[in-house]
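Chain by chain, the residues run as shown.
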Amino acid sequence: MQKKNNRLSWRIAGLLFALCAGQASAQLANNIAVDVRAMSMGHAVTADPPGIMAIHFNPAGLAKLDGRRMDLQFVGADFSLESEFSAPPGYNVFGFSDDPIVCNDAPNDGVDYCRDFKTATSSVEGISLYLPFINDTVDLPPGPLIAGPLPAFSIRPAGSKFTFGTATYLPLAAGFYRDEDDVGNYMGERVALERITYLSPSVGYRVNDELSIGASIGLSFQAISLEQDFRAPNELLGFARVIDESICAPFEGESNVALDLILFGICRPEEGLGPFKNLASLDVSMDQRFSPSYNLGILWEPNDRFAWGAVWRSPAKTHMKGDYKITYSNAARETINGIGGSATGALALAVLGIPSYVGEEEVGRVSMDLTMPATFQTGIKFKPTERLQFNVDAVWADYKQWDAFNIVFDRSSAVLSLARLFSPGSSPTRLSYPLNFQSTWNLAFGAAYDLTGRIQLRAGYEPRASAIPEERRSPMVPINEARYYSLGLGYKWDKDTDIDLGIGMLHSKDEIPADTSCAANCTGIDNVVYNPYAGLDIKTEAKITIVGLAFRTKF
């Protein structure tokens with residue numbers, strides 16, 4: 001039973017890690033809504049930077065802008081995240097198969113196996129956002145999110161080779177909420193991941209007619225927020241159910257000192273644990289309001305038909321701080337407190353450094369050091385004819401540096417007392433979780449055709465690679481390998497004003513067979529890391545649609 005407490009504590013800690021793993025999956029939102037023109041060109045714009053938002057894609061492109069300029073961007077987003085859960089042949093946890101997620105039998109029917117299996121589905125209801133000024137997460141009404149205007153400004157003094165600029169944009173934005181009875185709530189009932197660049201002082205310098213260089217500094221806000229239910233379909237909790245239903249049942253309602261001494265108080269709780277019961281819920285949020293990073297770019301344009309560009313986006317180190325609240329289920333509290341209420345049980349807990357009593361809630365402060373990975377992007381622009389243009393980019397992201405996440409709590413607790421025994425690098429106030437993510441390369445493609453002197457048609461395609469190994473896939477943010485498709489239109493309103501329209505869709509589909517991912521459905525007595533759907537087959541599908549409008553003008 002001491003290991004039950006360990007199991008519960010790892011569920012709590014593991015989802016903090018799973019949330020951060022969602023940031024690696026957050027290739028789903030990375031760069032998608034930064035610029036409308038880039039969006040419609042498949043983000044292959046390193047050699048063809050899009051106006052003032054060259055600040056992000058290649059700051060050397062600022063040197064091409066003259067006078068005083070302003071960009072205003074409006075973006076709308078809609079998405080669906082869907083998961084399916086089903087039981088493979090022979091599904092059971094320590095002999096039990098009546099998991100309410102996939103079992104269609106009536107609850108508490110006196111049978112510990114399932115006679116009628118079903119396929120369960122999970123979907124999101126809408127978008128959640130973490131608001132920095134009120135330090136809270138809000139749920140938006142179902143439907144698309146409209147953001148804007150996101151402003152950007154640049155100026156090049158007359159006769160100068162320098163162009164200066166700044167912009168507000170969203171390098172990373174993702175969040176959702178589910179219905180309170182959704183079976184996906186064990187992977188997040190409400191989740192928000194954000195990185196908002198609110199100021200980005202930048203400069204582009206024109207070395208000569210062919211070569212430009214540039215740099216930008218991004219000052220950003222970073223936040224993570226999670227609300228989640230927990231369960232643990234584990235062999236140990238299956239064994240706990242056997243004890244509760246087979247050994248303890250004959251003594252229900254009786255006070256038996258001898259039994260308490262022999263079984264460490266296991267039979268004291270009125271409600272015992274089981275592999276399919278809720279154990280707890282977690283509410284945690286962390287943020288950092290000042291997180292700097294920088295971009296360096298170069299652009300070479302030897303003629304009007306060809307250009308080459310490259311940009312280095314630095315890693316961004318963040319030290320996020322926040323609060324957590326753990327609310328324990330009745331079964332979890334009664335089990336821990338029941339063991340602690342017996343002499344032998346209390347002694348066993350004391351030896352392991354586990355408190356003999358757990359209240360309804362635990363609250364405290366939590367912090368985490370997180371480095372957003374560096375990226376490198378290089379590409380070419382090629383015009384085979386006066387009207388037709390092709391762009392090709394290669395993109396590298398250094399997710400390999402995410403070998404582990406470390407979370408620091410403000411005090412030692414039951415959550416940490418046993419977890420440190422199972423995780424190298426952990427301590428009484430720190431949890432360390434191995435990730436083994438991998439760096440990724442992918443290509444991006446864009447095309448543009450000048451239909452008239454005022455209208456340009458655009459299209460893009462970007463096959464995005466996954467940083468998450470096969471054994472770490474999760475339905476929390478179901479984006480692994482993905483395909484991005486886009487279309488757009490540019491319209492020259494007058495000699496000083498341009499309007500861009502764009503639409504893009506990201507699609508990802510995946511299957512996670514039972515016992516293949518230890519961030520979702522690993523089985524066995526050692527599935528310590530969070531596996532709320534242990535032994536189940538999982539299918540995921542994500543569709544994200546982005547539409548945008550940009551207004552660019554001189555003033």
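Residues numbered from 1 in each chain as written. Predicted model: local features only at pLDDT ≥ 70, side-chain atom pairs only at ≥ 80, totals over all residues. Heavy atoms only, no water.

A. Seen up close, the nonpolar core. With 54 residues, the main nonpolar core has Phe85, Ile101, Leu370, Trp402 and Tyr533 as its most contacted residues. It is strand E13 (residues 316–328) that provides the largest number of residues to this core, a total of five residues. By size, the runner-up hydrophobic cluster in this structure holds 15 residues, among which are Met41, Ile52, Leu65 and Ala167. (Core = buried A, V, L, I, M, F, W, Y, C linked by side-chain atoms within 4.5 Å. Buried < 20%, exposed > 50% of the residue type's maximum accessible area, 1.4 Å probe, protein only. Helix = DSSP H or I, 4+ residues; strand = E, 2+ residues; numbered from the N terminus.)

B. Region of the structure containing the state of the cysteines. Per the stated rule, a full pass over the model turns up three disulfides. Bridging cysteine 103 to cysteine 114, the disulfide has an S-S length of 2.3 Å. In this structure the cystine formed by cysteine 103 and cysteine 114 twists about its S-S bond by roughly 100°; its chirality is therefore right-handed. Placement of cysteine 103 in the loop between strand E1 (67–86) and strand E2 (120–123) and of cysteine 114 in the loop between E1 and E2 is noted, with a sequence separation of eleven residues between them. This pair shows no difference in class: cysteine 103 is buried, exactly as cysteine 114 is. Each disulfide pairs two cysteine sulfurs, and for cysteine 518 the partner residue is cysteine 522, the sulfurs being separated by 1.9 Å. Judged by the sign of its S-S torsion, about -80°, the cystine formed by cysteine 518 and cysteine 522 is left-handed. For cysteine 518, a relative accessible area of 32% corresponds to the partly exposed category. (Disulfide = S-S within 2.5 Å.)

C. Highlighting the confidence of the model for the chain. Per-residue pLDDT for the chain averages 86, and the proportion of residues at 70 or more is 88%. Overall, residues 1–28 carries pLDDT values under 50, and its contacts beyond four positions in sequence, including any with other chains, amount to 112 contacts. (pLDDT = per-residue confidence, 0-100. Contact = heavy atoms within 4.5 Å.)

D. The layout of surface pockets, seen in detail. A volume near 870 Å³ is recorded for the second largest pocket. If you trace the second largest pocket, you find 33 residues lining it, with Arg37, Asp48, Gln456, Arg458 and Asp498 closest to the centre. Elements with a minimum of two residues in the lining of the second largest pocket: E1, strand E19 (440–450), strand E20 (455–464), strand E21 (482–494), strand E22 (497–512) and strand E23 (537–554). Classifying every residue of the lining of the second largest pocket gives nine nonpolar, eight polar and 16 charged. (1 Å grid on protein atoms, 1.4 Å probe; cavity = no way out; pocket = protein on both sides within 12 Å on 5 of 7 lines; lining within 4 Å. Points joined across faces, edges and corners; volume = space filled by probe spheres on them. Nonpolar A, V, L, I, M, F, W, Y, C, P; charged D, E, K, R; others polar.)

E. Representation of the pattern of salt bridges in the model. Evaluated as defined, the whole model comprises 23 salt bridges. As a salt-bridge pair, lysine 492 and aspartate 498 come within 3.7 Å of each other at their nearest N and O atoms. Classification of aspartate 498 by relative accessible area gives partly exposed; the value is 26%. We note a salt bridge from lysine 495 to aspartate 496, for which the minimum N-O separation is 3.2 Å. The class of lysine 495 is exposed, set by a relative accessible area of 69%. Members of the salt-bridge network, linked through shared partners, are Asp35, Asp71, Arg458, Asp500 and Arg552. (Salt bridge = Lys/Arg side-chain N within 4 Å of Asp/Glu carboxyl O.)

F. Here's a closer look at the packing of aromatic side chains. This structure, assessed with the given rule, holds 13 aromatic pairs. Here tyrosine 186 and tyrosine 533 contribute two aromatic rings whose centre-to-centre distance is 6.3 Å and whose plane-to-plane angle is 75°, an arrangement assigned as edge-to-face. Separated by 347 residues along the polypeptide, tyrosine 186 in the loop between strand E7 (169–177) and strand E8 (190–199) and tyrosine 533 in the loop between E22 and E23 bring together distant segments of the chain. What makes tyrosine 186 buried here is its relative accessible area of 12%. According to the relative accessible area criterion, tyrosine 533 is buried, its value standing at 0%. (Phe/Tyr/Trp six-rings, centres within 6.5 Å; stacked < 30°, edge-to-face > 60°.)

G. Representation of unusual backbone geometry in the model. Its identity as a non-glycine residue notwithstanding, histidine 43 has a phi of 65°, on the positive side. For histidine 43, the position within the fold is in the loop between helix H2 (36–40) and helix H3 (54–57).

H. Region of the structure containing the pairing of strand E5 (residues 145–156). Pairing geometry for E1 and E5, over ten bridges, is antiparallel. What sits directly across from glutamine 73, in E5, is leucine 150. Pairing of E5 with strand E6 (residues 162–167), which is carried by four bridges, proceeds in the antiparallel orientation. Paired with serine 154 across the strands is glycine 165, a residue of E6. Following E5, the chain reverses through five residues before pairing antiparallel with E6; glycine 159 in that reversal takes a positive phi of roughly 80°. (Pairing = 2+ DSSP bridges.)

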